[in-house]
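A structural walkthrough
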Amino acid sequence: QKEVEQDPGPLSVPEGAIVSLNCTYSNSAFQYFMWYRQYSRKGPELLMYTYSSGNKEDGRFTAQVDKSSKYISLFIRDSQPSDSATYLCAMSAELDGGSNYKLTFGKGTLLTVNP
Amino acid sequence: GAGVSQSPRYKVAKRGQDVALRCDPISGHVSLFWYQQALGQGPEFLTYFQNEAQLDKSGLPSDRFFAERPEGSVSTLKIQRTQQEDSAVYLCASSLSGVGTQYFGPGTRLLVL
């Protein structure tokens, strides 16, 4: 079993829909949680960064972390065709010396928003 | 300012050839990372540099993989005697420090025939 599980989809929704993406994980040491967006043939781009449990909102995007359930979510409101991409969750633990650079990614979920 | 750049963007190699992949990080970024992304998978950590020091190479899959960053800026990932299973996108990322946001380059797509 991988440390981070993410349903690869694909997920197809109409424009304006609310999209829910999620990941589960097994390593209780993970404290830093990220969502990246990756367009085809491009590198991942950071969308949201959350430390520990709780919610974080940025425009149409909301990230939620539930450490007790080892479950994280990303919600996209009023989805747009330009949101069509692969969404990757990533996590890291605090290492000796305080760094947290070692990201563990999910497989990514391919999202298509249809006009 | 410019982001992370990588070259070449595409590389086709015959099995057994050596390849070298280059990464130019964002100017001033101390930390540099290499990841391998197989088709349909998320990126997997390969190695981490802080300035010129390679502090973590735990993700390198075999001793055929070697990375360097001799002057603390540009980095090169070298793969010797390439195998078909090395076919993947190799992503480079940089950050201001070991705790900061990692900014990714576009990747080098390697195909080993």
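Keep in mind it's a predicted model, so treat the numbers as computed, not measured. (Residues numbered from 1 in each chain as written. Chains lettered and ligands numbered in written order. Predicted model: local features only at pLDDT ≥ 70, side-chain atom pairs only at ≥ 80, totals over all residues. Heavy atoms only, no water.)

Overview of the sheet that holds strand β8 (residues 75–79) of chain B
Residues and elements named next belong to chain B. Worth spelling out the cut-off: Pairing between two strands is assigned when DSSP locates at least 2 bridges connecting them. Here a strand is any run of E in DSSP of at least two residues, a helix any run of H or I of at least four, and the numbering for each starts at the N terminus. Note on geometry: axes are lines fitted to C-alpha atoms, helical ones only across the stretch in contact, with angles between N-to-C directions running from 0 to 180 degrees.
The antiparallel open sheet is built from four strands, whose spatial order is β1-β3-β8-β7. The open sheet has two edge strands with one neighbour each: β1 (5–7) and β7 (65–68). This sheet shows a mean twist of 15° between the axes of neighbouring strands, independent of strand direction. Across three bridges, β1 lies against strand β3 (residues 19–24) in antiparallel orientation. Residue pairing for β3: Ser7 is matched across the bridge by Arg22.

Some thoughts on the pattern of salt bridges
What counts, and what does not: When a carboxyl oxygen of Asp or Glu is within 4 Å of a side-chain nitrogen of Lys or Arg, the pair counts as a salt bridge. The classification of residues rests on relative accessible area computed with a 1.4 Å probe and restricted to protein chains. Under 20% of the type maximum is buried, over 50% is exposed, and intermediate values are partly exposed.
Following the criterion strictly, the structure yields eight salt bridges over all chains and no others. Where Lys102 of chain A meets Asp56 of chain B, a salt bridge forms, and the shortest distance between an N and an O atom there is 3.6 Å. Residue Lys102 of chain A is located in the loop between β9 (85–93) and β10 (104–105), and its partner Asp56 of chain B is located in strand β6 (residues 53–56); the two belong to separate chains. Taking the relative accessible area as the measure of exposure, Asp56 of chain B reaches 10% and is therefore buried.

With respect to the sheet that holds strand β6 (residues 54–58) of chain A
Residue and element names in this part refer to chain A. Spatially, five strands are ordered β1-β3-β8-β7-β6 in an open sheet, and the strand pairing comes out antiparallel. The two strands at the open ends of the sheet, each matched to only one other strand, are β1 (4–6) and β6. If you compare each strand with its neighbour and ignore which way they point, the axes differ by 15° on average. Here strand β3 (residues 19–25) pairs with strand β8 (residues 71–76) via six bridges, running antiparallel. From the neighbouring strand, Asn22 faces β8, where its bridge partner is Ser73.

Focus: a nonpolar patch on the surface
What counts here: Here, patches come from residues exposed beyond 30% relative accessible area and free of salt bridges, joined within 9 Å for like charges and within 5 Å for nonpolar side chains (Val, Leu, Ile, Met, Phe, Trp, Tyr). Using the Shrake-Rupley algorithm and a 1.4 Å probe, accessible areas are obtained, with residue cover drawn only from the displayed protein chains.
A surface patch of nonpolar side chains, about 290 Å² in accessible area, is lined by Val12, Leu111 and Leu113 of chain B. With respect to the secondary-structure elements, Leu113 of chain B resides in the segment after β11 (108–112).

Description of the side chain of Gln36 of chain B
Residues and elements named next belong to chain B. The line we're drawing: By the criterion applied in these results, polar contacts are pairs of N or O atoms within 3.5 Å in which, for protein atoms, one can donate a hydrogen and the other can accept it, and in which residues neighboring in sequence qualify only through two side-chain atoms. We call two residues in contact whenever any of their non-hydrogen atoms come within 4.5 Å of each other.
Tracing the backbone through its elements, the reader meets Gln36 in strand β4 (residues 31–37). Within the structure, the side chain of Gln36 is placed 2.9 Å from the side chain of Tyr90, a separation counted as a polar contact. Not counting the four nearest positions on each side in its chain, Gln36 is found in contact with Gly42, Pro43, Glu44, Leu46, Phe65, Asp86, Ala88, Val89 and Tyr90.

Concerning the interface of chain B and chain A
Note the following rule: Buried area: the accessible surface (1.4 Å probe) lost by two parts on joining, summed over both.
Between chain B and chain A, the contact holds 23 residues from the first and 19 residues from the second. For the pairing of chain B and chain A, the buried interface totals around 1700 Å² over both sides, and the portion due to carbon and sulfur atoms is 51%. Among the residues chain B hides against chain A, the three largest losses belong to Pro43, Val99 and Phe104 of chain B. Together they make up 24% of the total. At the boundary of chain B with chain A, the tally comes to two salt bridges. Linking chain B to chain A there are five residue pairs in polar contact (both at pLDDT 80 or more).

What to know about the nonpolar core
All names here are of chain A. Here is the rule we go by: Note on terminology: a nonpolar core comprises buried Ala, Val, Leu, Ile, Met, Phe, Trp, Tyr and Cys residues joined through side-chain atoms within 4.5 Å.
Judged by nonpolar contacts, the single largest core of 24 residues is most densely connected at Trp35, Ile72, Leu74, Ile76, Tyr87 and Met91. Those elements that place two or more of their residues in this core are β3, β4 (30–38), β5 (45–51), β7 (61–66), β8, β9 and β11 (109–114). Residue contributions to this core peak at five residues, all from β9. Apart from the residues within four sequence positions on either side, Leu74 is in contact with Val19, Ser20, Leu21, Trp35, Leu47, Met48, Phe61, Thr62, Ala63 and Tyr87.

Remember that the coordinates give geometry; whether it matters functionally is a separate question.
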